[in-house]
Amino acid sequence: MMAGSSNKTYRMGLRLRMLQEQGGLCCYCGVKMDMRVASNHPLAVTREHLKPRSQGGTDRVGNIRLACRKCNTARGAYNWLEWKTMRLGEWDEIAALERSA
Ligand SMILES: [Zn+2]
């Protein structure tokens, strides 16, 4: 399935390109990420699968978004859509409160 695409140079190049496509920003919180920090640093770049691999999601570019380590850790066991929806839901509630105030 993924034959020939798992060497480190390829992955690094792909990650850099994806980072540039997202403007270097986390897909959740919009923080500027940093490829040079340690992988456990809050600004480290992590990969988010839109469709989890446990549900048949792939490592193809179309199924991956980049997020900072902080969001990746905060998301925990939720999948990308659940997490994003939960966060957007919160924001919608806040906006509704502001409108009705
Ligand atoms: Zn983030």
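Model, not experiment: these values are computed from the prediction.

S.K.: Go over the overall build of the chain, please, and point to the residues and values.
M.R.: Along the backbone of the chain there are three helices and two strands. When the helices and strands of the chain are listed from N to C terminus, the series reads α-β-β-α-α. Long-range pairs, those at least 24 residues apart, make up 51% of the contacts in the chain with a sequence separation of at least 6.

S.K.: Hey, could you go over the nonpolar core for me, with residue numbers and the actual values?
M.R.: Counting residues in hydrophobic clusters, the biggest one holds eight residues: Cys26, Tyr28, Met33, Val45, Leu66, Ala67, Cys68 and Cys71. Top element by residues in this core is strand β2 (residues 64-68). It accounts for three residues. What Ala67 contacts, discounting residues up to four positions off in sequence, is Cys26, Cys27, Tyr28, Thr46, Glu48 and Asn72.

S.K.: Let's hear about helix α1 (residues 8-21): which residues, and what values?
M.R.: In this model α1 runs 20 Å from its N-terminal to its C-terminal C-alpha over 14 residues, within 8% of the 20 Å that 1.5 Å per residue would give. Little of α1 is tucked away, with zero of its 14 residues classed as buried. At the C-terminal side of α1, Gly23 shows a positive phi close to 70°.

S.K.: How would you explain the confidence of the model for the chain if you had to name every residue and give the values?
M.R.: A residue-level look at the chain finds 82% of positions with pLDDT of 70 or above and a mean pLDDT of 81. Confidence, expressed as mean pLDDT per element, reaches its minimum in the chain at helix α3 (residues 80-100) with 68 and its maximum at β2 with 91.

S.K.: With reference to specific residues and values, describe the environment of Gly24.
M.R.: With respect to the helices, strands and loops of the structure, Gly24 is situated in the loop between α1 and β1 (45-49). Separated by 21 residues in the primary sequence, Gly24 and Val45 place their C-alpha atoms 9.2 Å from one another. When residues no more than four places from it in sequence are discounted, the contact partners of Gly24 are Leu19, Lys32 and Met33.

The rules behind each value
Residues numbered from 1 in each chain as written. Predicted model: local features only at pLDDT ≥ 70, side-chain atom pairs only at ≥ 80, totals over all residues. Helix = DSSP H or I, 4+ residues; strand = E, 2+ residues; numbered from the N terminus. Contact = placed C-beta atoms within 7 Å. Core = buried A, V, L, I, M, F, W, Y, C linked by C-beta atoms within 7 Å. Buried ≥ 20, exposed ≤ 12 C-beta atoms within 10 Å, placed from the backbone. Expected span 1.5 Å × (residues − 1). pLDDT = per-residue confidence, 0-100.

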